[in-house]
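Remarks on the overall topology
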Amino acid sequence: MTWQEELASLVGDTGIRYAADAAVAEEEERDAGDTGVRVLGKGYYRVYEEGAGPEESLKEQVTGFVVATGEMLRELGCGFWDVAQQSLEGVGETYVGKKVRGHWDAVLRRLEFMNEYLPEDRDPAHAWPIVITVFLLALLVLSVNNGNETSVEAPKKLYVSPPSASRIQLLDGRYMAYQEKGVLAERARFFMIAPHAFLSSRLAGIPGIKESLLEEFGVRLITYDLPGFGESDPHPIRNLNSSAMDMLHLANALGVTDKFWVVGYSGGAMHAWAAVHYLPDRLAGAAMFAPMSNPYDSSLNKEEIRKTWDEWTMKRRLMYVLARRFPSLLPYFYHRNFLSGERGQPEKWLSLSLGKKDKSLLEEPVFREFWEKDAGESVRQGDAKPFVEEAMLQVSNWGFGLADLQVQNQHQGKGLLPWLKSLYGRVEHEQAGFLSPIHVWQGTDDHVVPPSMIEFVRRMIPGATVHRLLGEGHFSYFCFCDDCHRQIFSTLFGIPRGPLLTELEVDRPPNEQHIQDIASHDCTEQE
């Protein structure tokens, strides 16, 4: 037996043979076509099973690999889950487990209100994991897209002017910044004090009010920074009672001895309502413009709640919910928004839905200049705490209700003597509540303070005079409108009579005054 035959006998069982020469290999390849044998290279071949097809394509191989990998990962995850369950079995009965479970149950109870936003036929245990997963994926996509943006214009910085406010020291040692406009205090017929709204400052007051109009009606307008805003020191424990007391101390320090009008606009209205409740004897009246009420007031009926919340944007609703239930989350949103140090739009910063006139006003350069200056002054201190406090005050218990402000007869008490007086004589009932006038202005195109909220004010305070402004928005009537400001002053003060005369002018004899007028007239003609 030759060595070729011995080699062939050794490898015969494996289906591989060695061909001595090319002719033999070609002949064997032809024979293999009928027996299911495939030649591999020169002199080599293999046997594949009868009926087997050609080799798989690359796409099929990749698909199979992915499917197999997915099955392996699923099995691996199931294995980890089983191990975790076995490892954590009985942990709930330990001291640490009981502590963690107690906090976890408390968190779940606080989050139960969010189930109201789910469809009724959805199980929260299955729905919320899906919602959270989709939310995280959306954040991931947004972060990836933001990372791919290369040519983005750098945002402009918000300008904050150097400190320049006049300040007084309050009884508790805090300093309050204020600003005065109009006639001098000793010549003022009327005083007006205006607390500002959210994300505003003493620079606002009545935006765009002319000095000539204040002079014509003899008005002195006083504005101030709320605690922690602008150049005012923060208050350690803020509430609406302390807000009213700050207003009283400010009036006394600035020589306002007569009664004054309080002006409340938008979110600043709650400080004006506080003055109406706590300082009724010091007020000549209240002028309210698109006044915000507490959206969680227990006196609101279901229809008023529905109409009010439906009018707001989703982000604004979220801010109110956070202020009510999770105020510790508000600084995160504020620092990414108006506390970022960058310029922004008021409708975005305040989550507003604007009407036609409001949009036109916000595009005016004069309003833009005012807004940037006022907002910059508001965030001067860069601290989120006063803004969080302001948001919490808006949605928390005020300590009084609007119904407490309406005029009503005081109860004379029970007993025989009051009953006999009511039978045999006319009993003069003392009235309680706010006895001075309350005027409320509201635009029909205001989407920030919906009409349902004003109807609530009218229902709680029947004596209030409500002025409906056709087509006006949240800003358009109160800000930079000369005719509107004249209408407001005419409603509050009547015919303009100018400032009060000084003692010298009052004591001057009529003939001397007449001679001076004639001399002044002659000088004018000569010129």
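Computed from a prediction, not measured in an experiment: that's the story for all the values here. (Residues numbered from 1 in each chain as written. Predicted model: local features only at pLDDT ≥ 70, side-chain atom pairs only at ≥ 80, totals over all residues. Heavy atoms only, no water.)

Some details on the nonpolar core
Rule in force here: In plain words, nonpolar cores are sets of buried Ala, Val, Leu, Ile, Met, Phe, Trp, Tyr and Cys residues tied together by side-chain atoms within 4.5 Å. Relative accessibility decides the category of a residue: with a 1.4 Å probe and only protein chains considered, values under 20% of the type maximum give buried, values over 50% give exposed, and everything between is partly exposed. In DSSP terms, a helix is any run of H or I states spanning at least four residues, a strand is any run of E spanning at least two, and both are numbered starting from the N terminus. In what follows, residue pairs with any heavy atoms lying within 4.5 Å of each other are defined as contacts.
The biggest cluster of nonpolar side chains holds 113 residues, and the ones touching the most others in it are Met192, Trp273 and Phe489. Tallying contributions element by element places helix H8 (residues 269-278) first for this core, with seven residues. Look past the residues within four positions of Phe489 in its chain and what remains in contact with it is Met192, Ile206, Ile209, Leu213, Leu214, Phe217, Val219 and Gly494.

Structural notes on the pairing of strand S8 (residues 283-289)
As a reminder of what qualifies: At least two bridges found by DSSP between two strands is the condition for calling them paired. Place the viewer so that the strands point away; then a crossover is right-handed whenever the path from the first strand over the helix to the second strand goes clockwise.
Extensive coverage of S8 is indicated by the burial of six of its seven residues. Both strand S7 (residues 260-265) and S8 contribute to a ladder of six bridges, which runs parallel. Each residue of the ladder has a partner; that of Trp261, found in S8, is Gly285. In this region the chain leaves S7, passes through H8 and returns to the parallel neighbour S8; the handedness of that crossover is right-handed. With four bridges connecting them, S8 and strand S11 (residues 438-443) associate as parallel partners. Counterpart to Ala286 in the pairing with S11 is Ile438.

Section: the pattern of salt bridges
Condition: Here, a salt bridge means any Lys or Arg side-chain nitrogen found within 4 Å of an Asp or Glu carboxyl oxygen.
For the structure shown, the criterion picks out 20 salt bridges. Of the charged contacts in the structure, one is a salt bridge between Glu389 and Arg238, with a shortest N-O distance of 3.7 Å. Taken together, the residues Glu389 in helix H15 (residues 385-395) and Arg238 in the loop between strand S6 (219-224) and helix H7 (240-253) connect sequence positions 151 residues apart. Judged on exposure class, the residue Glu389 and its partner Arg238 are both buried. Its salt-bridge partner being Arg459, residue Glu304 comes within 2.8 Å of it at the nearest N-O pair. One end of the pair, Glu304, is in helix H9 (residues 302-311); the other, Arg459, is in helix H17 (residues 451-460), with 155 residues separating them in the sequence. With a relative accessible area of 37%, Arg459 lands in the partly exposed category.

What to know about the state of the cysteines
Put simply, the rule is: Any pair of cysteine sulfurs within 2.5 Å is marked as a disulfide.
Under the counting rule described, the total for this entry stands at one disulfide. Paired through a disulfide, Cys481 and Cys484 show a sulfur-sulfur distance of 2.1 Å. The disulfide joining Cys481 to Cys484 has a torsion of about 60° about its S-S bond and is therefore right-handed. Here Cys479 stays free of any disulfide, with the sulfur of Cys481 as its closest cysteine sulfur at 9.7 Å. Look at Cys479 and you get buried, because its relative accessible area is 3%.

Points about the packing of H9 against H17
In helix packing, the relevant descriptors are the interaxial angle and the interaxial distance, both defined with respect to the helix axes. Rule in force here: Fitted lines through C-alpha atoms give the axes, limited to the stretch in contact for helices. The angle between two N-to-C directions lies from 0 to 180 degrees. Three residue categories are used. Nonpolar comprises Ala, Val, Leu, Ile, Met, Phe, Trp, Tyr, Cys and Pro, charged comprises Asp, Glu, Lys and Arg, and polar comprises the others, including Gly.
Taken N-terminus to C-terminus, the directions of H9 and H17 make an angle of 145°; their axes are 8 Å apart at the nearest point. Of the residues in H17, those in contact with Glu304, Lys307 and Thr308 of H9 are Ser452, Met453, Glu455, Phe456 and Arg459. Residues belonging to the contact of H9 with H17 are distributed by class as follows: two nonpolar, two polar and four charged.

Focus on the sheet that holds S7
Taken together, eight strands build an open sheet; the order of strands is S3-S4-S6-S5-S7-S8-S11-S12 and the sheet is mixed. In this open sheet, the two strands that pair with only one neighbour each are strand S3 (166-169) and strand S12 (465-469). Taken pair by pair, the neighbouring strands of this sheet meet at an average axis angle of 25°, ignoring direction. Sheet analysis places S3 next to strand S4 (residues 175-182), joined by four bridges and oriented antiparallel. Each bridged residue has a counterpart across the sheet, and for Gln169 the counterpart in S4 is Tyr175.

So, unusual backbone geometry
Located in the positive-phi region is Leu199, a residue other than glycine, with phi close to 55°. Owing to a relative accessible area of 1%, Leu199 belongs among the buried residues under this scheme.

Taken by themselves, the reported measurements are silent on function.
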